[in-house]
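Geometric and topological summary
The residues making up each chain are set out below.
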Amino acid sequence: ETRRKGAGRRAAQLAAMRVPRGRTPVWGLVFVLCQLGPAAQAVEPISLGLALAGAAASALTGFISYPRLYCYFTECCLQRPGARAGAVLEQELDKKLFGQHLVKKVVVKAVTGFLNNANPKKPLTLSLHGWTGTGKNFVSKIIAESLYEGGLSSRYVHHFVSTLHFPHRQNITEYKDHLQMWVRGNVSACARSIFIFDEMDKMHAGLIDSIKPFLDYYEQLDGVSYRKAIFIFLSNAGAEKITEVALDFWRSGKRREDLGLRDMESSVSVSVFNNKNSGFWHSSLIDRNLIDYFVPFLPLEYKHVKMCIRTEIQSRGNPVDETIIQKVADEMTFFPKEERIYSVKGCKTVQTKLDFY
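Okay, so let's go over this structure. (Residues numbered from 1 in each chain as written. Predicted model: local features only at pLDDT ≥ 70, side-chain atom pairs only at ≥ 80, totals over all residues. Heavy atoms only, no water.)

**Points about the pattern of salt bridges**
- Summed over all chains, the structure comprises 15 salt bridges.
- The closest approach of N and O atoms between Arg251 and Glu339, which form a salt bridge, is 3.0 Å. In this pair, Arg251 sits in helix H12 (residues 239-251) while Glu339 sits in the loop between strand S6 (334-335) and strand S7 (342-343), placing the two residues 88 residues apart along the sequence.
- Residue classification places Arg251 among the partly exposed residues on the basis of a relative accessible area of 49%.
- Salt bridges here are not isolated pairs; linked through shared partners, they connect Glu92, Lys95 and Lys96. (Salt bridge = Lys/Arg side-chain N within 4 Å of Asp/Glu carboxyl O. Helix = DSSP H or I, 4+ residues; strand = E, 2+ residues; numbered from the N terminus. Buried < 20%, exposed > 50% of the residue type's maximum accessible area, 1.4 Å probe, protein only.)

Next comes the structure, spelled out in structure tokens:
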């Protein structure tokens with residue numbers, strides 16, 4: 001009876017053991033052997049060492065060869081499955097993005113559909129356009145976070161800023177070579193890589209065309225498939241046309257929410273293509289229809305700015321004070337001069353202005 005109770009306690013101890021987060025199952029193996037007491041001690045030291053080494057190698061091999069377990073301990077390419085990533089994306093946009101009904105609709109459908117497609121014919125390419133402070137960087141950040149917990153810090157998300165990474169026109173040939181090498185190398189390591197190109201309106205014309213082959217309908221290039229990668233372009237170019245259409249809608253008494261993608265996507269793409277100050281000027285990416293969606297970010301109205309202020313206050317853990325929200329919103333500059341409908345800087349300076357309160 002005593003022996004049976006002792007065996008029961010030993011079984012309970014073994015059943016309660018768990019592999020601590022961040023450690024390999026090998027440590028669990030060592031702990032088990034230590035718990036075996038006299039039985040393990042009776043084995044010769046050399047034999048025990050060989051047994052431990054063999055068991056450790058076997059455990060480590062099984063650990064690495066089982067992707068879901070391996071990805072529990074380290075970041076993996078496409079950390080979240082498509083359906084889950086799409087749900088996270090939609091939830092975050094609904095909660096944190098204001099005044100951009102077109103963006104929410106297009107981005108959620110485009111990204112979710114692409115991730116759920118096991119055999120896409122080309123990479124997903126999104127071009128986000130609008131004035132500063134309307135949410136372009138914010139949305140690209142949310143897209144990255146929906147796929148990878150590390151977001152913009154993930155090893156599989158690559159962020160280029162034109163004025164930082166490609167500043168000198170005389171080095172454009174060198175930039176083209178480096179950019180091709182960077183895209184090729186990272187997609188080889190992770191087919192579901194994300195590439196974000198910021199300040200496209202400040203990029204030297206012709207540079208972005210160097211990645212045209214990677215965005216085209218090729219099954220493989222030199223043994224590498226780029227079809228599951230995501231390319232996101234951010235630009236202020238086209239903002240004038242977006243504002244023009246939105247303002248005409250407002251002046252005709254139509255609801256902002258009735259604006260559809262068809263009302264401006266074509267005019268935005270033409271405007272960007274013919275803008276000599278844009279990195280997309282006469283770009284083959286547009287000419288060959290390799291941009292899947294031109295996503296317009298509408299200028300933000302007074303009520304949207306107040307939503308941004310309220311959300312920022314809550315994110316700081318402070319009680320919402322409507323008086324402060326009103327004061328900060330009233331300090332923002334709006335245009336056109338007569339109607340004062342749209343915020344000049346969107347929500348970009350909200351954080352800074354709140355610091356005064």
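On we go from here.
**Considering the environment of Val108**
- For Val108, the position within the fold is in helix H7 (residues 101-116).
- Classification of Val108 as buried rests on a relative accessible area of 13%.
- Each C-alpha atom, one on Val108 and one on Leu93, is 8.6 Å from the other, the two residues being 15 residues apart in sequence.
- If we skip the residues at most four places from it in the chain, Val108 touches Leu89, Glu90, Leu93, Val103 and Gly113. (Contact = heavy atoms within 4.5 Å.)

**Overview of the packing of aromatic side chains**
- Tallied over the full model, the rule gives 10 aromatic pairs.
- Aromatic side chains Phe160 and Phe197 sit 5.0 Å apart centroid to centroid with 15° between the ring planes, which places their arrangement in the stacked category. Taken together, the residues Phe160 in strand S2 (residues 157-161) and Phe197 in strand S3 (residues 194-198) connect sequence positions 37 residues apart. Both residues of the pair, Phe160 and Phe197, belong to the buried class.
- Taken together, a centroid distance of 5.8 Å and an interplanar angle of 55° make the contact between Phe335 and Tyr342 tilted. (Phe/Tyr/Trp six-rings, centres within 6.5 Å; stacked < 30°, edge-to-face > 60°.)

**A word on the pairing of strand S4 (residues 230-235)**
- Of all six residues making up S4, six are buried, and the element is well covered by its neighbours.
- Covered by surrounding structure in S4 are Ile230, Ile232 and Leu234 together with Phe231, Phe233 and Ser235, the residues of both alternating faces.
- As paired strands, strand S1 (residues 124-129) and S4 are joined by six bridges and run parallel to one another. Each residue of the ladder has a partner; that of Thr125, found in S4, is Phe231.
- By the bridge criterion, four bridges tie S3 to S4 in an arrangement that is parallel. Bridged to Ile194 within S4 is Ile230. (Pairing = 2+ DSSP bridges.)

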